[in-house]
Amino acid sequence: MKDEFLTSDGIKIEYEYNCQKNDDLDGETVAIVFLNGIFMHYESWKILSKGIPQNIPVLFHNFRCQWGSGCAEDKECSFERHVEDLKELLDYLGIKKAKFIGTSYGGEVGMLFGATYPEYIDSMMIITSTARTDKVMESKALRWKDSAKSRSPEIFVNSWLSDVYSEGYINSINNLSQIIASRLTGFNYEGAERLLEAFLRLNDLNLLERIKKFEFPVLIISAEEDNIKPKRFSEEIYKQLKSALHLTIPNSGHAVVVEKPKEIGYLISTFVRNWKL
């Protein structure tokens with residue numbers, strides 16, 4: 001059931017916390033924390049998380065400026081602020097240790113969180129993310145931002161459809177862009193602009209250098225046909241880490257969590273239950 005949390009700077013964060021216990025978590029309980037892609041709603045994780053045992057606490061949330069979470073014009077929207085929002089939410093819920101699972105933008109928030117508050121991390125799964133941008137990636141993000149200004153679901157979706165999905169997936173579903181556009185009721189276009197502005201500042205974080213200090217294990221998933229964050233960016237992350245495994249999903253674009261739900265669901269279930277390096 002959806003709930004709301006108010007951050008220290010007064011922003012409402014939508015979240016859902018599935019925990020069977022009524023009391024605070026003990027120090028040994030490891031929760032699962034899902035971190036959304038940039039235009040994603042946390043509901044999209046639910047089909048992928050069905051393999052998680054019911055006795056494991058699971059946290060979903062929408063970042064500030066994402067969907068129904070707050071996005072005040074005079075409040076900061078940045079990767080750093082996402083990290084602080086999440087830490088405050090974890091502390092509020094009594095979560096002291098978690099396995100983090102993030103895709104794209106969410107994986108980038110996860111890496112910064114791990115660099116800032118490593119004591120909260122048991123392990124991490126990063127799906128089609130990057131630790132830096134290049135000129136091609138930035139050009140596409142600017143195109144997406146311009147399309148968000150249109151406030152037109154059709155214009156917005158068509159601006160990124162072929163960046164995010166593989167040719168095979170697009171060609172396999174009739175009217176895919178219209179289907180996606182029809183599901184954007186309640187989408188925060190202004191918030192999307194601000195999230196894209198935050199993404200365009202990613203290089204300021206120096207993540208490739210900071211993740212070298214990770215002591216926890218990291219599972220990295222890339223997609224063979226990713227046209228926005230190609231797998232070489234996942235390989236860069238892998239090479240910086242002390243304890244990591246990099247797997248590539250074939251025949252999929254950037255939105256591998258949508259294109260390959262069975263494969264990603266299996267990997268999430270394995271990661272949660274017994275994954276070790």
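Scroll up for the structure.
Notes on the structure follow. (Residues numbered from 1 in each chain as written. Predicted model: local features only at pLDDT ≥ 70, side-chain atom pairs only at ≥ 80, totals over all residues. Heavy atoms only, no water.)

Some thoughts on the pairing of strand β5 (residues 98-103)
Most of β5 is tucked away, with six of its six residues classed as buried. In this structure, strand β3 (residues 31-35) lies alongside β5, joined through five bridges in parallel fashion. Each bridged residue has a counterpart across the sheet, and for Val-33 the counterpart in β5 is Phe-100. Where the polypeptide runs from β5 across helix α2 (residues 105-116) and back to strand β6 (residues 121-127), its parallel neighbour, the crossover connection is right-handed. (Buried < 20%, exposed > 50% of the residue type's maximum accessible area, 1.4 Å probe, protein only. Helix = DSSP H or I, 4+ residues; strand = E, 2+ residues; numbered from the N terminus. Pairing = 2+ DSSP bridges. Right-handed = clockwise from strand over helix to strand, strands pointing away.)

As for the side chain of Glu-14
Looking at the element boundaries, Glu-14 is found in strand β2 (residues 12-18). Judged by relative accessible area, Glu-14 falls into the buried class, the value being 6%. At a separation of 3.4 Å, a polar atom in the side chain of Glu-14 contacts the side chain of Lys-2. Within polar-contact distance, the side chain of Glu-14 engages the backbone nitrogen of Gly-68 at 3.4 Å. Contact partners of Glu-14, with chain neighbours within four places excluded, come to Lys-2, Asp-3, His-41, Tyr-42, Phe-60, His-61, Asn-62, Trp-67, Gly-68 and Ser-69. (Polar contact = N/O pair within 3.5 Å; in protein donor to acceptor, adjacent residues only side chain to side chain. Contact = heavy atoms within 4.5 Å.)

Some thoughts on the pairing of strand β4 (residues 58-61)
Of the two faces of β4, the one lined by Val-58 and Phe-60 and the one lined by Leu-59 and His-61 are each fully buried. In this sheet, β4 lies alongside β2 in antiparallel orientation, the contact comprising four bridges. Among the inter-strand pairings, Asn-18 is bridged to a residue of β4, identified as Val-58. Pairing between β3 and β4: two bridges, direction parallel. Within β4, the residue paired with Ile-32 across the bridge is Val-58.

Here we look at the packing of aromatic side chains
Applying the stated rule across the entire model yields 21 aromatic pairs. Where Phe-5 meets Tyr-92, the ring centres are 5.1 Å apart and the plane angle is 45°; that geometry is what we call tilted. Pair noted here: Phe-5 is in strand β1 (residues 3-6) and Tyr-92 is in helix α1 (residues 79-93), with a separation of 87 residues, a long-range link. With relative accessibility at 53%, the residue Tyr-92 sits in the exposed group. Both rings, one in Phe-39 and one in Trp-144, keep their centres 5.7 Å apart while their planes meet at 50°; by these two values the pair is tilted. In this pair, Phe-39 is assigned in the loop between β3 and β4 and Trp-144 in helix α3 (residues 135-149), connecting sequence segments 105 residues apart. With respect to class, Phe-39 is no different from Trp-144; both count as buried. Ring-pair connections join several aromatic residues into one group, and the members of that group are Phe-39, Trp-67, Trp-144, Phe-156, Trp-160, Phe-187 and Tyr-189. One cation-aromatic arrangement involves Lys-46 over Phe-60; the distance from NZ or CZ to the ring centre is 5.9 Å. The ring of Tyr-117 has Lys-87 sitting right over it, with the charged end atom 5.4 Å from the ring centre. (Phe/Tyr/Trp six-rings, centres within 6.5 Å; stacked < 30°, edge-to-face > 60°. Lys NZ or Arg CZ within 6 Å of the ring centre and 35° of its normal.)

Quick word on the state of the cysteines
In this structure the tally under the stated criterion is one disulfide. Between Cys-65 and Cys-71 runs a disulfide, and the two sulfur atoms are separated by 2.1 Å. Measuring the twist about the S-S bond at about 85°, one finds the Cys-65-Cys-71 disulfide to be right-handed. Residues Cys-65 and Cys-71 agree in their burial class; the two are buried. Left unpaired, Cys-77 is separated from the closest cysteine sulfur, that of Cys-65, by 3.7 Å. (Disulfide = S-S within 2.5 Å.)

Points about the pattern of salt bridges
This structure, assessed with the given rule, holds 22 salt bridges. A salt bridge links Asp-91 to Lys-87; the nearest nitrogen and oxygen atoms lie 2.8 Å apart. With a gap of four residues between them, Asp-91 and Lys-87 both fall in helix α1, about one helical turn apart. Between Asp-134 and Arg-232 there is a salt bridge, with the nearest N and O atoms lying 3.8 Å from each other. With Asp-134 in the loop between β6 and α3 and Arg-232 in helix α9 (residues 231-240), this residue pair connects regions lying 98 residues apart in the sequence. Salt bridges sharing common partners tie together Asp-9, Arg-64, Arg-81, Asp-85 and Glu-88. (Salt bridge = Lys/Arg side-chain N within 4 Å of Asp/Glu carboxyl O.)

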